[in-house]
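A closer look at the structure
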Amino acid sequence: MGTLVSFHAHPNDDTTTCGGVLRKAHEDGHRVVLVLATRGELGYNPDGLLADGETLADRRAAEARAAADVLGVDRLEFLGYTDSGMTAAAEGGTFQTADVEEAAQKLAVILREEAADVLTVYDEKGTYGDPDHIQVHRVGTRAAELAGTSKVFQSTINREHIKANQRVLAEQAGVELPAGPDFGTPEAELTCRVDVSAYTEYKRKALLAHASQITPQSTLFTDLPEDTFRTMFGTEWFIRAGQGPGITETDLMA
């Protein structure tokens, strides 16, 4: 059996993009390690959400642990950086402004400790342009070089698939999600497709574990009928350098 390390920017990113492959790896008997760069300090925080003395970072860290349990994660680690938000000019001390080499060294320590066989990061555009996601790509790929982790899968979104999902949502709820020309990756550029439809119930439970981040918009997804949720979230997509053209892999741990 092998070890899968999945690296993400904020709590709940792991659930939406890699929750299925994490649970699948667990079910297949592999060791699963989740590393989060930040505690999501700049997430959704409406008035009255937090208890007296509680910070959003505290709440989101606890939710991350609960979701990790649902997904079969054996070890959860935080690198200790601060959420940057969606601005490209965040203040110093945030993850996007961190020294790449320094952050990569921190992640490489975990990769070596775990003798990681596989690492997941995001694609070079951070899937949809989030600065912390782009930094995950930079830091993660460098950490893999430092630790000698040869199999690095870049989590991404199938552009054609997300557009089809938008049509489903539009039909069911009269809502359209913004998706510009750079949102996701064209299907022709993807090299790995993993069928996780057997694990979508765990993805939904893990999403619900991130209770503080369930906004009026996100209930469109969490409240979907089971078959629709499975259609939308039952496949996870990746790019691995040196593979392709087209889909050449269907299991990260093969």
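Here we summarise the structure given alongside this text.

Reading the values: rules and limits
- Residues numbered from 1 in each chain as written.
- Predicted model: local features only at pLDDT ≥ 70, side-chain atom pairs only at ≥ 80, totals over all residues.
- Heavy atoms only, no water.
- Axes fitted to C-alpha atoms, helices over the stretch in contact; angles between N-to-C directions.
- Helix = DSSP H or I, 4+ residues; strand = E, 2+ residues; numbered from the N terminus.
- Parallel < 35°, antiparallel > 145°, perpendicular 65-115°, else oblique.
- Left-handed = near helix turned anticlockwise from the far one by under 90°.
- Contact = heavy atoms within 4.5 Å.
- Nonpolar A, V, L, I, M, F, W, Y, C, P; charged D, E, K, R; others polar.
- Core = buried A, V, L, I, M, F, W, Y, C linked by side-chain atoms within 4.5 Å.
- Buried < 20%, exposed > 50% of the residue type's maximum accessible area, 1.4 Å probe, protein only.
- Phe/Tyr/Trp six-rings, centres within 6.5 Å; stacked < 30°, edge-to-face > 60°.
- Lys NZ or Arg CZ within 6 Å of the ring centre and 35° of its normal.
- Pairing = 2+ DSSP bridges.
- Polar contact = N/O pair within 3.5 Å; in protein donor to acceptor, adjacent residues only side chain to side chain.
- Disulfide = S-S within 2.5 Å.

Further remarks concern the packing of helix α1 (residues 13-27) against helix α7 (residues 200-209). Interhelical geometry of α1 versus α7 gives an angle of 125° and a closest axis separation of 9 Å. By the angle class used here, α1 and α7 are oblique. Relative to α7, α1 is oriented so that their crossing is right-handed. Judged by residue contacts, Thr15, Thr16, Gly19, Gly20, Arg23 and Glu27 of α1 engage Tyr202, Lys203, Ala206 and Leu207 from α7.

Let's shift gears to the packing of helix α3 (residues 100-114) against helix α5 (residues 131-147). Interhelical geometry of α3 versus α5 gives an angle of 55° and a closest axis separation of 8 Å. It follows that α3 is oblique to α5 by the angle criterion. Viewed along their axes, α3 and α5 form a crossing whose handedness is right-handed. Contacts from Val100, Glu101, Ala103, Ala104, Gln105, Leu107, Ala108, Leu111 and Arg112 in α3 reach Gln135, Arg138, Val139, Gly140, Arg142, Ala143, Ala144, Leu146 and Ala147 in α5. Residue composition of the contact of α3 with α5, grouped by class: 11 nonpolar, 3 polar and 4 charged.

We now examine the nonpolar core. Among the nonpolar cores identified, the biggest contains 28 residues, and Leu4, Val21, Leu22, Val73, Val194, Phe238 and Leu252 are the most heavily contacted of them. Mapped onto this core, the elements with two or more residues apiece are α1, β2 (31-38), α2 (56-71), β3 (75-81), β6 (192-195) and α7. Among all residues touching Leu252, those that are not within four sequence positions of it are Leu4, Val21, Val118, Thr120, Lys151, Phe153, Cys192, Val194 and Phe238. By size, the runner-up hydrophobic cluster in this structure holds 25 residues, among which are Phe7, Tyr81, Leu107 and Val136.

Quick look at the packing of aromatic side chains now. This structure, assessed with the given rule, holds 4 aromatic pairs. Considering the side-chain rings of Tyr81 and Phe95, the 5.4 Å spacing of their centres and the 50° angle between planes classify their relative orientation as tilted. Taken together, the positions of Tyr81 in strand β3 and Phe95 in the loop between β3 and α3 put the pair 14 residues apart, joining distant regions of the chain. We note that Tyr81, like Phe95, is buried. Summarising the aromatic geometry, the rings of Phe153 and Phe238 are spaced 6.2 Å apart at their centres and angled 80° between planes, so their arrangement reads as edge-to-face. Taken as a pair, Phe153 in strand β5 (residues 151-156) and Phe238 in strand β7 (residues 235-239) lie far apart in primary sequence, 85 residues in all. Phe238 shares its class with Phe153; the two are buried. Through successive ring pairs, a cluster of aromatic residues spans Phe7, Tyr81 and Phe95. Over the ring of Phe78 we find Arg39, and its NZ or CZ is 4.1 Å from the ring centre.

Reading across the sheet, the 7 strands line up as β3-β2-β1-β4-β5-β7-β6 and stay open at both edges, with mixed pairing between neighbours. Every interior strand has two partners, whereas the edge strands, β3 and β6, have only one. Shown here is a sheet whose adjacent strand axes are inclined to one another by a mean of 25°, direction ignored. Pairing between strand β1 (residues 3-8) and strand β4 (residues 118-122): 3 bridges, direction parallel. The residue of β4 that forms the bridge with Val5 is Leu119. Strands in contact with α5 are β1, β2, β4 and β5; relative to β4, the strand with the most contacts, it is inclined by about 150°.

Below, the discussion takes up the environment of Asp123. Assignment of secondary structure puts Asp123 in the loop between β4 and α4 (126-129). A distance of 2.9 Å separates a polar side-chain atom of Asp123 from the backbone nitrogen of Lys125. Here Thr127 takes part through its backbone nitrogen, which lies 2.8 Å from a polar atom of the side chain of Asp123.

Attention now moves to the state of the cysteines. Inspection of every chain in the model, using the stated rule, returns 0 disulfides. The cysteine Cys18 is free of any disulfide, with Cys192 supplying the nearest cysteine sulfur at 10 Å.

Without other data, these values stay purely geometric and don't point to any function.
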